[in-house]
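Here's the letter readout for the chains.
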Amino acid sequence: MTADANTAAVGLVLTVLRSVLGEEPALTPGTALFEVPGFDSLALAAVVERLEDELGPVLPDELLVPESFATPDDIAAVLVAPALRAQHGGVPS
């Protein structure tokens, strides 16, 4: 994973999370999302839907597990995973 792809993915994830959850609480790449008030199964579904609206269907079912959504960094890692980069061209910069 290149630093540019990771930075772009983290930025997109944080933008989507802020859109779903609002500006509070403050979110960082390492924020434990399941400890954030308001981040529940409905918020998670909204995040996945918005990411797929932005990037197309890039989240295969086998990656839709809690571990993939523990932090914004984890979500970004899924978006730039080697198999997904090959299939979908990665995260736009």
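The shown structure was predicted, so the numbers you read here are calculated from the model rather than taken from an experiment.

## Some words on helix α3 (residues 72-79)
So, step 1. All of the buried residues along α3 are Pro72, Ile75, Ala76, Val78 and Leu79. Buried positions in α3, seen along its axis, are confined to an arc of 155° and lie on one side of it.

## With respect to the nonpolar core
So, step 1. Judged by nonpolar contacts, the single largest core of 25 residues is most densely connected at Leu17, Phe39 and Leu51.
So, step 2. Residue assignment for this core shows that the elements contributing at least two residues are α1 (3-21), α2 (41-55) and α3.
So, step 3. Sort the elements by how many residues they give to this core and α1 lands first, with 9 residues.
So, step 4. Residues in contact with leucine 51, not counting those within four places in the same chain, are Leu12, Val13, Val16, Gly56, Ile75 and Leu79.

## Quick word on the packing of α1 against α2
To describe two helices that pack against each other, one gives the angle between their axes and the distance between the axes.
So, step 1. Running from N to C, α1 and α2 cross one another at 130°; their axes reach a closest spacing of 9 Å. Of the possible angle classes, the one that applies to α1 and α2 is oblique. Where α1 crosses over α2, the two elements pack in a sense that is right-handed. Contact residues: α1 offers Leu12, Val13, Val16, Leu17, Ser19, Val20 and Leu21, while α2 offers Ala43, Ala46, Val47, Arg50, Leu51, Glu54 and Leu55.
So, step 2. The residue makeup of the contact of α1 with α2, split by class, is 11 nonpolar, 1 polar and 2 charged.

How each quantity is defined
- Within each chain, residue numbers correspond to sequence positions counted from 1 in written order.
- Thresholds applied to this predicted model are a pLDDT of at least 70 for local features of residues and 80 or more for the giving and counting of side-chain atom pairs; totals over whole chains, interfaces and linings are not thresholded and use all residues.
- Note that water and hydrogens are dropped before the side-chain values are worked out from all heavy atoms of the structure.
- Exposure is judged per residue with a 1.4 Å probe applied to protein chains only, and the accessible area is read against the type maximum: over 50% gives exposed, under 20% gives buried, and values in between give partly exposed.
- Numbered from the N terminus, helices here are DSSP runs of H or I no shorter than four residues, and strands are runs of E no shorter than two.
- The arc refers to the directions leading from the helix axis to the C-beta atoms.
- Residues belong to a common nonpolar core when they are buried Ala, Val, Leu, Ile, Met, Phe, Trp, Tyr or Cys residues joined through side-chain atoms within 4.5 Å.
- The contact rule is simple, with two residues in contact once any of their heavy atoms fall within 4.5 Å.
- To get an axis, a line is fitted to the C-alpha atoms, and for a helix only the part in contact is used. The angle between two axes follows their N-to-C directions and goes from 0 to 180 degrees.
- Orientation labels follow simple angle bins: below 35 degrees gives roughly parallel, above 145 gives roughly antiparallel, 65 to 115 gives roughly perpendicular, and whatever is left gives oblique.
- Two helices crossing with the near one rotated counterclockwise from the far one by less than a right angle form a left-handed crossing, whereas a clockwise rotation gives a right-handed crossing.
- We call Asp, Glu, Lys and Arg charged. Ala, Val, Leu, Ile, Met, Phe, Trp, Tyr, Cys and Pro are nonpolar, and the rest, Gly among them, are polar.

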